[in-house]
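Inside the fold
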Amino acid sequence: MTQAPNVHDAEPIPEAARAEIDRLLSSGDLFRYTAPQDAPVALLEREFAAEMGTAYALAVSSCSAALFLSLKALDLPRGGRVLIPGFTFAAVPSSVVHADLVPVLCEVGEDYRIDLADFEARLDGVDAVLVSHMRGHTSDMDAIMALAEARGLPVVEDAAHSLGTIWRGRKIGTLGRVGCFSFQSYKMVNAGEGGILVTDDADLVARAVIMSGAYEHNWAKHMAAPDAALEAAFARWQNRLPLYNLRLNNLSAAIIRAQLPEIARRVQAGRANHDRVAARLDASPWLSVPEALVGEERAPDSIQFNLVGLGDAETRDFAAIAAARGVKVQIFGQSADNARAFWNWGFLPGGTPDLPRTRAMLMRACDVRLPARLSRADCDAVADIVIGAVSEVIGARRAYGT
Ligand SMILES: *Cc1c(COP(=O)(O)O)cnc(C)c1O
């Protein structure tokens, strides 16, 4: 019998982090604003901005915090409407609500990407767009940016799960006005918790820096080199914004910085693992793996696929058989509390929206973790178990003639 791999354990944190963590433990220098300059958090921001090719980066306590601060930094009217995809993690509509804004949901297709016709149809009366690249699937960003720009709407990118993804030669997270990434344990870079936003907009980042908790003159520690535009923006906003204190600490920054050199390898390995399993699953008539869009180079650490032609009971049986064999298949719409099913976002103002296409997709869309550290044999074991489980369900249908 095929042995299922452990897909939940994280990779060890690189040894390179140890010396810096020891230094921080012995000095007790954990707060980003204690050192006069070059604190680990500030160095992380500089390195990450350089890596992404953006003018600015602000490290914070989570991607959710980065999304919230981005929306606050856009200075939208209270009660303004923010268009988001109907398939994303509950943290995304939560950040909108937390910023005193109203989420407006649009349909997502069977390929997990924003339905562009529905997106366009809902743009009237919207004040901003928050594109969530859910599970690292990139929607057609050329079309989305063109539609938003034609109406003068700012775009925030939720790139929590897209670090390393390329869209037509450009890094995901750098296409919109601001992009947000996560360092939570299930993402490409694992610090337990953490997030970062990147932007070229001096005014936006100045507002976000102050609201993140740069009280008094701590904003000065966000300037590695003289920057007249940024300094003017800090002067403009000083003492005028509330402080939400969503800062990152130096220990987390040390853990993140040690993993930055690992990203390229993890992206390559994750993509190879994904594509290996995708080819196997897609060959089954009962499973369908949506293809990448033209010009999308993915950085997956999990795989999503749709069950084809299975009923509700068969869908539940499939998940139960796979689980019994050691592969946990999450079907987004099949549990009472899945945080990625929009009807479980009971906090949405105005109640649950009607999104029949997204709902139908969520009832058959499966999610399996596939971390970069898995071997080829591990990947084959996952594919064998998933295919075996669906074959068993279909075999039972034939046997009983149901
Ligand atoms: C993980 C995730 C988030 C939230 O990130 P945190 O750092 O845990 O706040 C938001 N959006 C997507 C698509 C995610 O995968």
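Please read all numbers here as calculations on a predicted model, not as lab measurements. (Residues numbered from 1 in each chain as written. Predicted model: local features only at pLDDT ≥ 70, side-chain atom pairs only at ≥ 80, totals over all residues. Heavy atoms only, no water.)

1. Thoughts on the site of the ligand
- The environment of the ligand is made up of 13 residues, and the closest members are Cys63, Ser64, Asp158, Ser182 and Lys187.
- Note that an oxygen atom of the ligand is positioned 3.3 Å from one of the side-chain N or O atoms of histidine 161.
- Lysine 187 places a side-chain nitrogen or oxygen 2.7 Å from an oxygen atom of the ligand.
- Protein contact buries 92% of the 380 Å² of open area that the ligand shows by itself.
- Of the residues contributing to the shell around the ligand, the split by class is four nonpolar, seven polar and two charged. (Near = heavy atom within 4 Å. Polar contact = N/O pair within 3.5 Å; in protein donor to acceptor, adjacent residues only side chain to side chain. Areas by Shrake-Rupley, 256 points an atom, 1.4 Å probe, with all protein chains shown as cover. Nonpolar A, V, L, I, M, F, W, Y, C, P; charged D, E, K, R; others polar.)

2. Things to note about the pattern of salt bridges
- With the rule as written, the count across this model stands at 25 salt bridges.
- Of the charged contacts, one joins aspartate 384 and arginine 280 as a salt bridge, the two residues approaching to 2.6 Å between their closest N and O atoms. Remark: arginine 280 occurs in helix α10 (residues 263-282) and aspartate 384 occurs in helix α13 (residues 376-400); sequence separation between them is 104 residues.
- Note on aspartate 384: relative accessible area 33%, which makes it partly exposed.
- Judged by its relative accessible area of 32%, arginine 280 is partly exposed.
- Overlapping salt bridges bring together Glu11, Glu262, Arg265 and Arg266 as one network. (Salt bridge = Lys/Arg side-chain N within 4 Å of Asp/Glu carboxyl O. Helix = DSSP H or I, 4+ residues; strand = E, 2+ residues; numbered from the N terminus. Buried < 20%, exposed > 50% of the residue type's maximum accessible area, 1.4 Å probe, protein only.)

3. Quick notes on helix α6 (residues 141-150)
- Listed as buried for α6 are Met141, Ile144, Met145, Leu147 and Ala148. Projection of α6 onto a plane perpendicular to its axis shows the buried side chains occupying an angular sector of 165°, all on one side. Opposite its buried face, α6 presents the exposed residues Glu149 and Ala150, each directed more than 90 degrees away.
- In this structure aspartate 140 caps α6, since a side-chain oxygen of it lies 3.1 Å from the backbone nitrogen of aspartate 142. (Arc of directions from axis to C-beta.)

4. Examining the packing of aromatic side chains
- Summed over all chains, the structure comprises eight aromatic pairs.
- Taking the centre distance of 5.4 Å and the plane angle of 70° together, the rings of phenylalanine 48 and phenylalanine 181 count as edge-to-face. Of this pair, phenylalanine 48 sits in helix α2 (residues 40-52) while phenylalanine 181 sits in strand β8 (residues 178-182), placing them 133 residues apart in sequence.
- Through a chain of ring-to-ring contacts, the aromatic side chains of Phe48, Phe181 and Phe183 assemble into a single cluster.
- We note arginine 207 situated over the ring of tryptophan 237; from NZ or CZ to the ring centre the distance is 4.3 Å. (Phe/Tyr/Trp six-rings, centres within 6.5 Å; stacked < 30°, edge-to-face > 60°. Lys NZ or Arg CZ within 6 Å of the ring centre and 35° of its normal.)

5. What to know about the pairing of β8
- Across the five residues of β8, five count as buried, placing the element largely inside the fold.
- Neither face of β8 is exposed, since Val178, Cys180 and Ser182 on one face and Gly179 and Phe181 on the opposite face are all buried.
- Where strand β5 (residues 155-158) meets β8, three bridges bridge the pair, whose relative direction is parallel. From the neighbouring strand, glutamate 157 faces β8, where its bridge partner is glycine 179. (Pairing = 2+ DSSP bridges.)

6. Things to note about the sheet that holds strand β11 (residues 296-297)
- Sheet architecture is open: three strands sit in the order β7-β6-β11, paired in antiparallel fashion. Of all the strands in the sheet, the pair left with one neighbour each is β7 (170-171) and β11.
- Here strand β6 (residues 166-167) pairs with β11 via two bridges, running antiparallel. Along β11, the bridge assignment pairs isoleucine 166 with glutamate 297.

7. Focus on the state of the cysteines
- Applying the stated rule across the entire model yields zero disulfides.
- We note that cysteine 180 lacks a disulfide partner, and the nearest cysteine sulfur, in cysteine 63, lies 5.4 Å from it.
- For cysteine 180, a relative accessible area of 0% puts it in the buried group.
- Here cysteine 366 stays free of any disulfide, with the sulfur of cysteine 379 as its closest cysteine sulfur at 17 Å. (Disulfide = S-S within 2.5 Å.)

8. Notes on the pairing of strand β12 (residues 302-307)
- Counted residue by residue, β12 has six buried out of six residues, so it is predominantly covered.
- Two strands pair when backbone bridges link them, and strand β10 (residues 287-288) and β12 are joined in this way by two bridges, in the antiparallel orientation. Pairing of leucine 287 across the sheet is with leucine 307, part of β12.

9. What to know about the side chain of glutamate 314
- Residue placement: glutamate 314 occurs in helix α11 (residues 312-324).
- Residue glutamate 314 is classed as buried on the basis of its relative accessible area, which comes to 16%.

10. What to know about the packing of α2 against helix α9 (residues 250-257)
- α9 packs onto α2 with a crossing angle of 40° between their chain directions and a minimal axis gap of 8 Å. Seen along the crossing, α2 lies across α9 with a hand that is left-handed. Each of Pro40, Val41, Leu43, Leu44 and Glu47 in α2 lies in contact with α9, whose residues at this interface are Asn250, Ala253, Ala254, Ile256 and Arg257.
- Of the residues belonging to the contact of α2 with α9, the class tally is seven nonpolar, one polar and two charged. (Axes fitted to C-alpha atoms, helices over the stretch in contact; angles between N-to-C directions. Left-handed = near helix turned anticlockwise from the far one by under 90°. Contact = heavy atoms within 4.5 Å.)

None of this, on its own, says anything about what the molecule does.
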